[in-house]
Amino acid sequence: MTAVKSRTENSIRNSIWGWISKIVAMVLPFILRTVMIYTIGQEYVGLNGLFTSILSMLSLSELGVGAAIVYSMYKPLAEGKDDEVCALLNLYRKMYGWIGLAVLIIGMILLPFLPHLVSGEVPEGINLYTLYAVYLVEAVISYWFFAYRSSLLRANQRSDVLSKTTILLSVVKYMLQIFVLLIWKNYYLYVIMQPLYNLVFNGINALLVKKMYPQFVCRGQVDNDQMQGIRKRIFGLMIHKVSTTTRNSFDSIIISALFGLTVVARYNNYYFIMFTVTTFFSVMIQAIQASVGNSIATESVKKNYADLCKFQFLYMWIAGMCTALLLCLYQPFMLIWLRDESMLMTLSEVVLWCLYFYLLLQGDMISVYNNAAGLWWFGKSRYILEAVCNLVLNIVLGKLLGTFGVILATVLTIFVFSTVYGTIIVFRHYFGREKVGSYFRQLAIYFVTMVLSVSVIYMLCQLLPMTMNTLSGFGWLACRAVLCIVLFAIIYTIVLQKTPEFREAKGFVIRNLKRALGKN
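Below or above, wherever it landed, is the structure these notes cover.

Procedures and definitions
Residues numbered from 1 in each chain as written. Predicted model: local features only at pLDDT ≥ 70, side-chain atom pairs only at ≥ 80, totals over all residues. Heavy atoms only, no water. Helix = DSSP H or I, 4+ residues; strand = E, 2+ residues; numbered from the N terminus. Rg over C-alpha atoms; globule rule 2.2 N^0.38 Å. Areas by Shrake-Rupley, 256 points an atom, 1.4 Å probe, with all protein chains shown as cover. Lys, Arg positive; Asp, Glu negative; His and termini not counted. Charge placed at Lys NZ, Arg CZ, Asp CG, Glu CD. Buried < 20%, exposed > 50% of the residue type's maximum accessible area, 1.4 Å probe, protein only. Contact = heavy atoms within 4.5 Å. Polar contact = N/O pair within 3.5 Å; in protein donor to acceptor, adjacent residues only side chain to side chain. Core = buried A, V, L, I, M, F, W, Y, C linked by side-chain atoms within 4.5 Å. 1 Å grid on protein atoms, 1.4 Å probe; cavity = no way out; pocket = protein on both sides within 12 Å on 5 of 7 lines; lining within 4 Å. Points joined across faces, edges and corners; volume = space filled by probe spheres on them. Salt bridge = Lys/Arg side-chain N within 4 Å of Asp/Glu carboxyl O. Phe/Tyr/Trp six-rings, centres within 6.5 Å; stacked < 30°, edge-to-face > 60°.

### Description of the overall build of the protein chain
And then number 1: Assigned secondary structure in the protein chain consists of 18 helices and 0 strands.
And then number 2: The C-alpha radius of gyration computed for the protein chain amounts to 24 Å, which stays within 12% of the reference 24 Å derived for 520 residues, consistent with globular compactness.
And then number 3: If you line up the protein chain on its principal axes, its C-alpha atoms span 65 × 65 × 45 Å.
And then number 4: Carbon together with sulfur atoms contributes 67% to the accessible area of the protein chain, which is approximately 24600 Å² in total.
And then number 5: For the protein chain, the centre of its 43 positive side-chain charges and the centre of its 24 negative side-chain charges are spaced 7 Å apart.

In structure tokens:
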């Protein structure tokens, strides 16, 4: 009972601090981005986005090593096998040392190609090579200076310690960066804060870990059987990471190479807003992942399929509502925020962003069941194919259709490899092939209903006159948001109220509301 209570307390504590950390990670970067736009300009935002994308590509060298080793620590920590934990920590330190070296070497190899990744001129007084060196040092520091020690906090269910350190140092870093931009408008001083942040972050966490777990030091060797398991987990995590990491990174790099830094800034402004919204959905997915895993282990396939349909209905209801909000609020928000019509994308590109968002979420629930059933091995080729096709289509469609083509390339690859291919894999190996047609029909109904609802809502929202005054403008956005939510709920209910999924979802929500309110 004590162990269960401890796990519950850790989960609650980690969730609370994790939420606070996510809020800080959304609000402060938005403020910083706004300050950067109004002090040094959009080209610097584009430059920042380009280098961030390049380093995200280099981070693929990590290949899921951290997650695999943290997973391997759970059992020996629970059983009190300190020597085994020390051996894993030693392995982690060595592997991160080699990864840091690989990032440094690959990063230096890319130096001659830097001018080809930027179309047009860079901001006056900026040396691409100097800036790139700072970003590269930041990436290397992430691996070389005690980063491996934080694995003990995650494995011991004390990620709240990492969240607290992140919150404190992030606030200090962002405030310093904002101060530098407002007073000196110096991009070099702004950039140098990031490697300093990583250095201090790793150092503080290393000291905390040493104080909390003095018994764990780097010594010993991992046995061959355990090493084989770690290699397999690393490979599984690697192929998934290739797809998710390269998705936006490819887009930013290709746009920079074809159209320049200002267009990268425009693209990343829209991506930033979409990514912020998806963060809230990721919290929901993480919250149900363990429950789904337990259900797959203890319940029948029929019961889990019914749960999937119920969860998918609720999830796509919320996703569709947020899609309506994005379509109706994207452009006016950008106009109020940036005060520059030249930084707005076209309506057709905004529609693609909304499709990007919806399709990205459409595959989330099936991914939960894919992970819970341990089917990642069967889809190993899917992630590689998605990354390759995304890159090829980015280049081809980007040259033919501009930024519209780059976004379209990502939308197409998400639909083919996540919605279609990912779903087929889970049904083939768990739910049964005969059910896949019925599930696809449900997805099609939800999609058509979403398109119908969003189209009607968008046309009605256009009747509300817009104001450009900042305060009244955000009030106008709030009115539009309320209208979107109410209208979407009405239309979705009218269209789908007679479906079994609606009835199941309605009963599920009512039961849980009663339970939350303490009623029988």
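Still more ground to cover, so stick around.
### Side note on the environment of phenylalanine 250
And then number 1: The topology assignment puts phenylalanine 250 in helix H9 (residues 224-259).
And then number 2: Owing to a relative accessible area of 12%, phenylalanine 250 belongs among the buried residues under this scheme.
And then number 3: Along the chain, phenylalanine 250 and alanine 387 lie 137 residues apart, while their C-alpha atoms are 8.8 Å from each other.
And then number 4: Those residues in contact with phenylalanine 250, other than ones at most four positions away along the chain, are Met57, Ala387, Asn390, Leu391 and Asn394.

### Thoughts on the side chain of threonine 165
And then number 1: Looking at the element boundaries, threonine 165 is found in helix H7 (residues 159-183).
And then number 2: A distance of 3.0 Å separates the side chain of threonine 165 from the backbone oxygen of valine 161, its partner in a polar contact.
And then number 3: If near-sequence neighbours (up to four positions away) are discounted, threonine 165 is found in contact with Phe201, Ile204, Asn205 and Leu208.

### A word on the nonpolar core
And then number 1: Residues Tyr187 and Trp353 are the most contacted members of the largest nonpolar core, which totals 151 residues.
And then number 2: Among the elements that line this core, the one with the most residues is helix H11 (residues 301-338), at 23 residues.
And then number 3: Excluding residues that lie within four positions of it along the chain, tryptophan 353 makes contacts with Tyr267, Tyr270, Tyr271, Met274, Tyr330, Met345 and Ile407.

### Comments concerning unusual backbone geometry
And then number 1: Here lysine 185, not a glycine, exhibits a phi torsion of approximately 50°, which is positive.
And then number 2: Accessibility expressed as a relative area gives 46% for lysine 185, which makes it partly exposed.
And then number 3: In this model, arginine 339 sits at a positive phi of 55°, which is unusual for a non-glycine residue.
And then number 4: With respect to the helices, strands and loops of the structure, arginine 339 is situated in the loop between H11 and helix H12 (347-362).
And then number 5: What makes arginine 339 partly exposed here is its relative accessible area of 41%.

### Re empty space enclosed by the protein
And then number 1: As enumerated under the stated definition, the model contains 1 cavity of 30 Å³ or more in all.
And then number 2: The calculated volume of the largest cavity comes to roughly 60 Å³.
And then number 3: Of all the secondary-structure elements, those providing two or more residues to the lining of the largest cavity are helix H13 (364-372), helix H14 (380-401) and helix H15 (403-431).

### Thoughts on the pattern of salt bridges
And then number 1: Evaluated as defined, the whole model comprises 7 salt bridges.
And then number 2: With its nearest N and O atoms 2.9 Å apart, the salt bridge here joins aspartate 160 to arginine 158.
And then number 3: Judged by relative accessible area, which is 22%, arginine 158 ranks as partly exposed.
And then number 4: Put simply, Arg158, Asp160 and Lys164 are held in one network by salt bridges that share partners.

### Examining the packing of aromatic side chains
And then number 1: In total, this model carries 37 aromatic pairs according to the counting rule given.
And then number 2: With centroids separated by 5.5 Å and ring planes inclined at 5°, the aromatic side chains of tryptophan 353 and tyrosine 356 adopt a geometry described as stacked. Residue tryptophan 353 and its partner tyrosine 356 are located together in helix H12, separated by 3 residues, close to a single helical turn.
And then number 3: Accessibility expressed as a relative area gives 0% for tryptophan 353, which makes it buried.
And then number 4: Aromatic side chains phenylalanine 427 and tyrosine 439 sit 5.1 Å apart centroid to centroid with 40° between the ring planes, which places their arrangement in the tilted category. Residue phenylalanine 427 is found in helix H15, and its partner tyrosine 439 is found in helix H16 (residues 436-461); the two are separated by 12 residues along the sequence. Summarising the burial analysis for this pair, phenylalanine 427 and tyrosine 439 share the class buried.
And then number 5: Grouped by ring-pair contacts, the aromatic residues Tyr305, Tyr369, Phe427, Tyr430, Phe431 and Tyr439 constitute a single cluster.

Geometric values such as these leave the question of function open.
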